[in-house]
Amino acid sequence: MVKYTSFYKVKTKDKKEDKVLFTSFLTENSSQTKKIGQSFAKDILKRYPAKKAVVLGLKGGLGGGKTTFLQGFAKGLGIKEKILSPTFIVMRRLGISGSRFKNFYHLDCYRIKKLKEVSALGLKEIMSETENIVAIEWAGIIEKILPEDCIMLEFEFMDKNKRKITIK
Ligand SMILES: Nc1ncnc2c1ncn2[C@@H]1O[C@H](COP(=O)(O)OP(=O)(O)OP(=O)(O)O)[C@@H](O)[C@H]1O
Ligand SMILES: [Mg+2]
């Protein structure tokens with residue numbers, strides 16, 4: 001696994017940029033991608049004390065590793081249930097315990113044709129509730145309604161087992 005040295009800083013309320021949440025990675029197999037997801041989640045639990053929801057937007061083509069990353073991410077949140085590729089389920093909620101965050105929402109917008117469909121799910125409200133962590137696969141489709149401070153993750157297919165994960 002190659003780790004790049006580009007850091008991303010999150011602006012806090014007082015506009016101080018002091019929260020480094022990530023680097024970008026080149027992974028060589030799915031378990032490396034899961035591990036990155038897992039430590040990313042632990043970082044969020046540690047470094048997001050502010051009263052705010054966390055929204056992750058995942059972009060990149062089929063088989064890019066978005067769901068694989070989120071399997072590790074959910075594990076890092078302490079979630080025991082298996083994270084599935086929600087092909088026909090647009091949204092799934094899983095409970096988080098032992099943290100100020102209570103819910104992990106996993107969405108897959110691949111089949112979303114109109115923004116109205118996600119509005120009907122109450123997504124805007126979900127993204128504004130401080131106790132929620134929301135991860136959205138195919139986030140580009142609903143980009144317009146994503147919050148300003150949404151953490152964007154891009155998954156690039158390099159070859160059969162290589163993926164580049166960039167967090168913007
Ligand atoms: N380095 C890697 N990181 C992640 N997945 C990998 C890697 N190498 C191979 N794979 C394989 O690629 C596939 C990634 O599938 P995954 O469902 O995570 O992609 P996805 O981006 O969620 O796709 P979709 O757009 O269909 O939801 C899995 O079968 C996984 O085993
Ligand atoms: Mg997926």
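Predicted model, so just to flag it, every value in this text is computed and none were measured.

A.B. asks: Looking at this model, I keep getting lost on the site of ligand 1. Mind explaining?
C.D. replies: Thr33, Gly65, Lys66, Thr67 and Thr68 are the nearest of the 20 residues found near ligand 1. When residues of the shell around ligand 1 are traced back to their parent elements, those giving at least two are helix H1 (30–47), helix H2 (66–76) and strand S10 (162–167). Looking at the shell around ligand 1 residue by residue, the classes come out as two nonpolar, 13 polar and five charged.

A.B. asks: I'm lost on unusual backbone geometry in this one. Help?
C.D. replies: At tryptophan 138, a position not held by glycine, the phi torsion is positive, near 55°. Inspection of the secondary structure puts tryptophan 138 in the loop between strand S8 (132–137) and strand S9 (151–159).

A.B. asks: Before we go on, may I ask you to explain the pairing of S10 in this structure?
C.D. replies: Consecutive side chains along a regular strand alternate between the two faces of the sheet. Summarising the sheet, strand S4 (residues 25–27) and S10 pair through three bridges and their orientation is antiparallel. Looking at S10, one finds that phenylalanine 25 is bridged to isoleucine 165. Where S9 lies against S10, six bridges are found, and the strand directions are antiparallel. Bridge assignment links glutamate 156 to a residue of S10, and that residue is lysine 164. The hairpin formed by S9 and S10 contains two residues between the paired strands.

A.B. asks: I'm lost on H2 in this one. Help?
C.D. replies: A turn of α-helix holds 3.6 residues, and therefore any two residues three or four places apart point the same way. Buried residues dominate H2, accounting for ten of its eleven residues. By the burial criterion, the buried members of H2 are Lys66, Thr67, Thr68, Phe69, Leu70, Gln71, Gly72, Phe73, Ala74 and Gly76. Residue glycine 78 follows H2 closely and has a positive phi angle near 85°.

A.B. asks: How do you make sense of the nonpolar core when you look at a structure like this?
C.D. replies: Generally speaking, a soluble globular protein has its nonpolar side chains buried in company with each other. Counting residues in each nonpolar core, the largest one holds 30 residues, and the members touching the most others are Leu56, Leu58, Phe73, Val134, Ala135 and Ile136. The residues touching leucine 56, leaving out its near neighbours within four places in the chain, are Val134, Ala135, Ile136, Ile151 and Leu153.

A.B. asks: Would you mind showing me how to read the packing of H1 against H2 here?
C.D. replies: The packing of two helices is summarised by the inter-axis angle and the distance between the axes. At a minimum axis distance of 6 Å, the contact between H1 and H2 shows a crossing angle of 40°. Of the possible angle classes, the one that applies to H1 and H2 is oblique. Between H1 and H2 the crossing geometry is right-handed. When H1 is examined against H2, the residues Ser30, Thr33, Lys34, Lys35, Ile36, Gly37, Gln38, Ser39, Phe40, Ala41 and Lys42 are found in contact with a partner set consisting of Thr68, Phe69, Leu70, Gln71, Gly72, Phe73, Lys75 and Gly76. Across the contact of H1 with H2, the residue classes tally to six nonpolar, nine polar and four charged.

A.B. asks: Would you take a moment to explain the environment of valine 118 for this structure?
C.D. replies: Mapping valine 118 onto the fold places it in helix H3 (residues 115–119). By the C-beta count within 10 Å, which is 20 here, valine 118 ends up buried. As a C-alpha pair, valine 118 and methionine 91 span 27 residues in sequence and 9.2 Å in three-dimensional space. Setting aside anything within four residues of it in sequence, one finds valine 118 in contact with Cys109, Ile112, Leu123, Ile142 and Ile145.

About the thresholds
Residues numbered from 1 in each chain as written. Chains lettered and ligands numbered in written order. Predicted model: local features only at pLDDT ≥ 70, side-chain atom pairs only at ≥ 80, totals over all residues. Near = placed C-beta within 6 Å. Helix = DSSP H or I, 4+ residues; strand = E, 2+ residues; numbered from the N terminus. Nonpolar A, V, L, I, M, F, W, Y, C, P; charged D, E, K, R; others polar. Pairing = 2+ DSSP bridges. Buried ≥ 20, exposed ≤ 12 C-beta atoms within 10 Å, placed from the backbone. Core = buried A, V, L, I, M, F, W, Y, C linked by C-beta atoms within 7 Å. Contact = placed C-beta atoms within 7 Å. Axes fitted to C-alpha atoms, helices over the stretch in contact; angles between N-to-C directions. Parallel < 35°, antiparallel > 145°, perpendicular 65-115°, else oblique. Left-handed = near helix turned anticlockwise from the far one by under 90°.

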